[in-house]
Amino acid sequence: MTLTLPGRRGIAVLLLLVALAIRAWDFGNPSIDVDEQYYLLVGDHVLHGAVPYIDLWDRKPIGLFALFAAMRMLPGDGILAYQLVATACAWATALVVAVAAETLGANRRGAIAAGVVYLTGLSLLSGGGGQAPVFYNLPMAVAALLTLQLPARAAHGQIGAIIGTGIIACLLAGIAIQLKYTPMFEGAFFGLAHCWFLRRAGARVGTIVGAASLWIAMGLAPTLAAIGWYLAKGPAAFDAFWFANVTSIGLRPGYQFGQLAGRVLTIAGQLLPLLIAAAITWRYRQREGLAAQVVTVAVAWTAAALVGFFIIGTFFDHYGLPLVAPLAILAAPTLGRSRRMLAFALVLPAVILVADRVIKPDERAGARAVSAVVAANIGDECPYVFVGQSIIYHLAHACVPTPYAFPNLLAYSTEQGAIGIDQTAEVRRIMANRPPVVVTSDRRSSIYNLATLRVMKAALARDYRVVFTVPRASWHTVVYLRRDRRFVRP
């Protein structure tokens, strides 16, 4: 019996169903990941006039906060809205991955498999919600598709078309760079590849130089616009922008080698089916002709994405998200030929994702319960989330007591000396203002900033009492109320 594979429209429907099957479980969940909680919080405050890096501090490009601000304008509290937009981006990227896989020479089965494993790969690497790569992988995948088409365009001498696709590819990369800076390496590769194939198409040196200058301008335009906006606000605003986006990155203390090695191995293990299938594709590629050139371009793109992965050096699992699309595309020809590799690539992620749903506790109810307690007890004052989820500020409709509202910035030693202020002095200032409610945790960890932890423990012992706890992972979120206030149950 021969299985009839769907056409392009059928593939689109199939991938949409897969995307919904994987991601719908978390629709409305405010606790998917601590990063996207903070992006939503900042985006919401941007709509009310807050200036990133001044009123709320982080290292991400302003484009990411602008994106979350735009999504916050959709109906609701912003949580379901950003998750639906993220799902749409994941689905659209999977479609581009499937088309690019066919460009690489994969058959229809391999192309479909590439789209599916892209979607599963996102969720394996903490991309089931709204991490930045879930959004920017889409423009990068489109730019990559245009780049994969270059060998054929060069063979037909399509100089004008190559210049045009270079403009689009570099502008798309520039947009992605304003969601996170690491795509700059992939963007540089797209530009260089266009230069190479423009020369092979027969363009003169002057034409190549002019085109390359235009492409560089397109790639830099979004970031230059952000820089110009802060310059227009004055030297102090620009200094804040520059410190957050450039200087502070180099000030973060490193992690121990064992931690980093463990994280890299974990990511490699989650991507193992794609890594093996991609290696097989490379091993059995054609050695000459257009097909060989397309595979070489795909491998070079993957190498550029790996540079972005290694350059930051912290290796949290979501840093592997930009690798999923190029690896899925490279794996596609092998997945289309080998039923064993296809089963390996589809079944292993499915088992991991199902096990994760069964084992991992669902924290959405706890986050909303804590937020309700906070909202009921703050009056018109600002609570303080010392250790916990920054989404609590958003769900409680509360003001924030510090520009460093992402809890890690003040509570963890991994940010010590890297955010431009004395963390201990800032925590002391916050507690001197006597926030009505403080949210923290009973988790024991070596990652805490011991100086800020001592300040917090002393203030809590002196002026606060525990009024609410809720389980979170293997510890508890703990809510403290100032002793002079009566506890109000939500």
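Up top is the structure these notes are about.
Calculation rules
Residues numbered from 1 in each chain as written. Predicted model: local features only at pLDDT ≥ 70, side-chain atom pairs only at ≥ 80, totals over all residues. Heavy atoms only, no water. 1 Å grid on protein atoms, 1.4 Å probe; cavity = no way out; pocket = protein on both sides within 12 Å on 5 of 7 lines; lining within 4 Å. Points joined across faces, edges and corners; volume = space filled by probe spheres on them. Helix = DSSP H or I, 4+ residues; strand = E, 2+ residues; numbered from the N terminus. Nonpolar A, V, L, I, M, F, W, Y, C, P; charged D, E, K, R; others polar. Expected span 1.5 Å × (residues − 1). Buried < 20%, exposed > 50% of the residue type's maximum accessible area, 1.4 Å probe, protein only. Arc of directions from axis to C-beta. Contact = heavy atoms within 4.5 Å. Disulfide = S-S within 2.5 Å. Axes fitted to C-alpha atoms, helices over the stretch in contact; angles between N-to-C directions. Parallel < 35°, antiparallel > 145°, perpendicular 65-115°, else oblique. Left-handed = near helix turned anticlockwise from the far one by under 90°. Salt bridge = Lys/Arg side-chain N within 4 Å of Asp/Glu carboxyl O. Patch = residues over 30% accessible without salt bridge, like charges linked within 9 Å, V, L, I, M, F, W, Y side chains within 5 Å. Areas by Shrake-Rupley, 256 points an atom, 1.4 Å probe, with all protein chains shown as cover. Pairing = 2+ DSSP bridges. Polar contact = N/O pair within 3.5 Å; in protein donor to acceptor, adjacent residues only side chain to side chain.

A. View of the layout of surface pockets. The volume enclosed by the second largest pocket comes to roughly 380 Å³. Lining the second largest pocket are 16 residues, and of these Met184, Gly187, Ala188, Gly219 and Leu220 lie nearest its centre. Sorting the residues of the lining of the second largest pocket by element identifies helix H8 (159–177), helix H9 (184–200) and helix H10 (205–232) as the ones contributing at least two each. For the lining of the second largest pocket, the residue count by class is twelve nonpolar, four polar and no charged.

B. How the structure looks around helix H12 (residues 257–270). Over its 14 residues, H12 extends 20 Å from the first C-alpha to the last, a length consistent with the 20 Å expected when each residue adds 1.5 Å. Along H12, the residues that are buried comprise Leu260, Arg263, Ile267 and Gln270. Down the axis of H12, the buried set is contained in an arc of 95°. They therefore lie on one face. Of the exposed residues in H12, those oriented more than 90 degrees away from the buried face are Phe257, Gly258 and Leu265. On the buried face of H12, the contacting elements are helix H5 (108–124), helix H13 (272–283) and helix H14 (290–312).

C. Local environment of unusual backbone geometry. The residue serine 126 is not glycine, and still its phi comes out positive at about 60°. By the secondary structure assignment, serine 126 is in the loop between H5 and helix H6 (132–148). Of note, the phi angle at alanine 473 is positive, near 55°, even though the residue is not glycine. Mapping alanine 473 onto the fold places it in the loop between strand S3 (464–472) and strand S4 (475–482).

D. Just the state of the cysteines, in detail. This model, assessed by the stated rule, comprises one disulfide. Free cysteine cysteine 170: the closest other cysteine sulfur is in cysteine 195, separated by 8.1 Å.

E. The arrangement of the packing of helix H1 (residues 8–23) against H5 in detail. At a minimum axis distance of 10 Å, the contact between H1 and H5 shows a crossing angle of 20°. Between H1 and H5, the crossing angle belongs to the class labelled roughly parallel. Seen from above, H1 lies across H5 with right-handed handedness. Across the interface between the two elements, Arg8, Ile11, Leu14, Leu15, Val18, Ala19, Ile22 and Arg23 of H1 pack against Arg108, Ile112, Gly115, Val116, Leu119, Thr120, Leu122 and Ser123 of H5. By residue class, the composition of the contact of H1 with H5 is ten nonpolar, three polar and three charged.

F. Layout of the pattern of salt bridges. Across all of its chains, the model carries 14 salt bridges by this definition. Taking the shortest distance from any N to any O, the salt bridge between aspartate 26 and arginine 364 comes out at 3.5 Å. Here the residue aspartate 26 occupies a position in the loop between H1 and helix H2 (34–47), and arginine 364 occupies one in helix H17 (residues 364–377), the gap between them amounting to 338 residues. Salt-bridge contacts for aspartate 484 lead to arginine 482; the nearest nitrogen and oxygen are separated by 2.8 Å. According to the relative accessible area criterion, aspartate 484 is exposed, its value standing at 52%. You can call arginine 482 buried: its relative accessible area is 7%.

G. Spatial organisation of a nonpolar patch on the surface. A cluster of nonpolar side chains, contributed by Ile216, Leu220 and Leu224, occupies part of the molecular surface with about 290 Å² of accessible area. Along the chain, the position of isoleucine 216 falls in helix H10. Judged by its relative accessible area of 53%, isoleucine 216 is exposed.

H. Summary view of the pairing of S4. Taken across its eight residues, S4 has seven buried, putting it largely inside the fold. Relative to S4, strand S2 (residues 437–441) runs antiparallel, the two sharing five bridges. When the sheet's bridge partners are listed, threonine 440 is paired in S4 with valine 478. One ladder, built from eight bridges, connects S3 with S4; its direction is antiparallel. Within the sheet, the bridge partner assigned to arginine 472 lies in S4 and is tryptophan 475. Connecting the antiparallel pair S3 and S4 is a turn made up of two residues, with alanine 473 showing a positive phi of about 55°.

I. Representation of the side chain of arginine 59 in the model. Position of arginine 59 among the secondary structure elements: in the loop between H2 and helix H3 (62–72). Taking relative accessible area as the criterion, arginine 59 reaches 12% and is therefore assigned buried. A polar atom in the side chain of arginine 59 sits 3.1 Å from the side chain of serine 248. In terms of polar contacts, arginine 59 uses its side chain to reach the backbone carbonyl oxygen of alanine 418, at 3.3 Å. Beyond its immediate chain neighbours, meaning those up to four positions away, arginine 59 contacts Tyr181, Ala244, Asn245, Ser248, Ile249, Arg252, Glu415, Ala418 and Ile419.

J. Spatial organisation of H1. With 16 residues, H1 should cover 22 Å at 1.5 Å per step; its first-to-last C-alpha distance of 22 Å lies within 8% of that length. All of the buried residues along H1 are Ile11, Ala12, Leu15, Val18, Ala19, Ile22 and Arg23. Taken down its axis, H1 places every buried residue within 130° of arc, on the same side. Exposed side of H1, more than 90 degrees from the buried face: Arg9, Leu17 and Ala21 are the residues found there. As for H1, its buried residues are in contact with helix H4 (79–103), H5, H6 and helix H16 (339–359).

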